[in-house]
Amino acid sequence: MEKPVTPVLLGIDPESWDNQLDNVEKWFEQLQLIQASFRQFAEQTAEKIKEEHIKAEVLSIAKKAKVHEQKIGELYEAIGRATSSTSKMAGELAGKLNSPLADLKGLLGGAHGYWKDLHQLMILNLNALSAFAMAEQLGLALGIMEIPEIVFPILNEKQKNHLLLQEYSLETGAVAVLYNKDFG
């Protein structure tokens, strides 16, 4: 670990500062769970896609998701804490459980094929984007500038991912609903 984190807020005692860091650490555990779930589901979704261009983009998103997941360790270091392995394992399990949810949504909407997975992946990406944005805000609120420096590039990539996933979801959705088959 690098240098220890010291209070920068005026009028806050060490015990209160530690409580604040405990709360941030709990958020990072949630972030880790959400991001691991997103990455796992992105990998699973890519395996189902037959259209090569979309498959390549989703694989690229999954690779970036793995890098983003690793960056969470740097967030823990910024507050002087150790990474939680439990949240990562729980996130991977949650990623596996998202597929039945996507299947149910597709069944209820009459859509078929991998569209439902792309749609679910878009929602999971938005959830991860929001979780990283909250981490950024926590860093700003506590004056730990390493946190927004780590998170800001991730937010930019996740916003690009969201637009791509939205476009692919719309592109493949019409074919899935109208023709009951996969796009491509």
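Residues numbered from 1 in each chain as written. Predicted model: local features only at pLDDT ≥ 70, side-chain atom pairs only at ≥ 80, totals over all residues. Heavy atoms only, no water.

Caption draft 1: Fine view of the overall build of the protein. Scanning the protein for helices and strands turns up five helices and zero strands. Helices and strands in the protein line up, N terminus first, as α-α-α-α-α. Expressed as a percentage of the 184 residues in the protein, the buried residues total 42%. Excluding contacts between residues fewer than 6 apart, the proportion of contacts in the protein whose partners are at least 24 apart in sequence is 78%. Accessible surface for the protein amounts to roughly 9700 Å². Of this, 59% is attributable to carbon and sulfur atoms. (Helix = DSSP H or I, 4+ residues; strand = E, 2+ residues; numbered from the N terminus. Buried < 20%, exposed > 50% of the residue type's maximum accessible area, 1.4 Å probe, protein only. Contact = heavy atoms within 4.5 Å. Areas by Shrake-Rupley, 256 points an atom, 1.4 Å probe, with all protein chains shown as cover.)

Caption draft 2: Region of the structure containing the confidence of the model for the protein. With 79% of its residues at a pLDDT of 70 or more, the protein shows a mean pLDDT of 86. Per-residue pLDDT, averaged within each element of the protein, yields its smallest value for helix H3 (residues 85-109) (56) and its largest for helix H2 (residues 52-78) (97). (pLDDT = per-residue confidence, 0-100.)

Caption draft 3: Representation of the packing of H2 against helix H4 (residues 115-142) in the model. For the pair H2 and H4, the least separation of the axes is 13 Å and the interaxial angle reads 25 degrees. Here H4 runs roughly parallel to H2, going by the angle between their axes. Crossing angle aside, the handedness with which H2 passes H4 is left-handed. The residues of H4 that touch H2, namely those facing Ile 54, Val 58, His 68 and Ile 72, are Leu 118, Leu 121 and Phe 132. Residues belonging to the contact of H2 with H4 are distributed by class as follows: six nonpolar, one polar and no charged. (Axes fitted to C-alpha atoms, helices over the stretch in contact; angles between N-to-C directions. Parallel < 35°, antiparallel > 145°, perpendicular 65-115°, else oblique. Left-handed = near helix turned anticlockwise from the far one by under 90°. Nonpolar A, V, L, I, M, F, W, Y, C, P; charged D, E, K, R; others polar.)

Caption draft 4: View of the nonpolar core. Ranked by internal contacts, the top residues of the largest apolar core, which has 40 residues, are Phe 28, Val 58, Leu 118, Ile 144 and Ile 147. Mapped by element, the contributors of at least two residues to this core are helix H1 (14-48), H2, H4 and helix H5 (146-179). (Core = buried A, V, L, I, M, F, W, Y, C linked by side-chain atoms within 4.5 Å.)

Caption draft 5: Structural context of H5. The end-to-end C-alpha separation of H5 is 50 Å, in line with the 50 Å expected for 34 residues at 1.5 Å each. A bend of about 25 degrees at Thr 172 is the largest found in H5. One or two steps after H5, the chain reaches Asn 180, where phi turns positive at roughly 55 degrees. (Expected span 1.5 Å × (residues − 1). Bend = angle between axes of the 7 residues up to and from the residue.)

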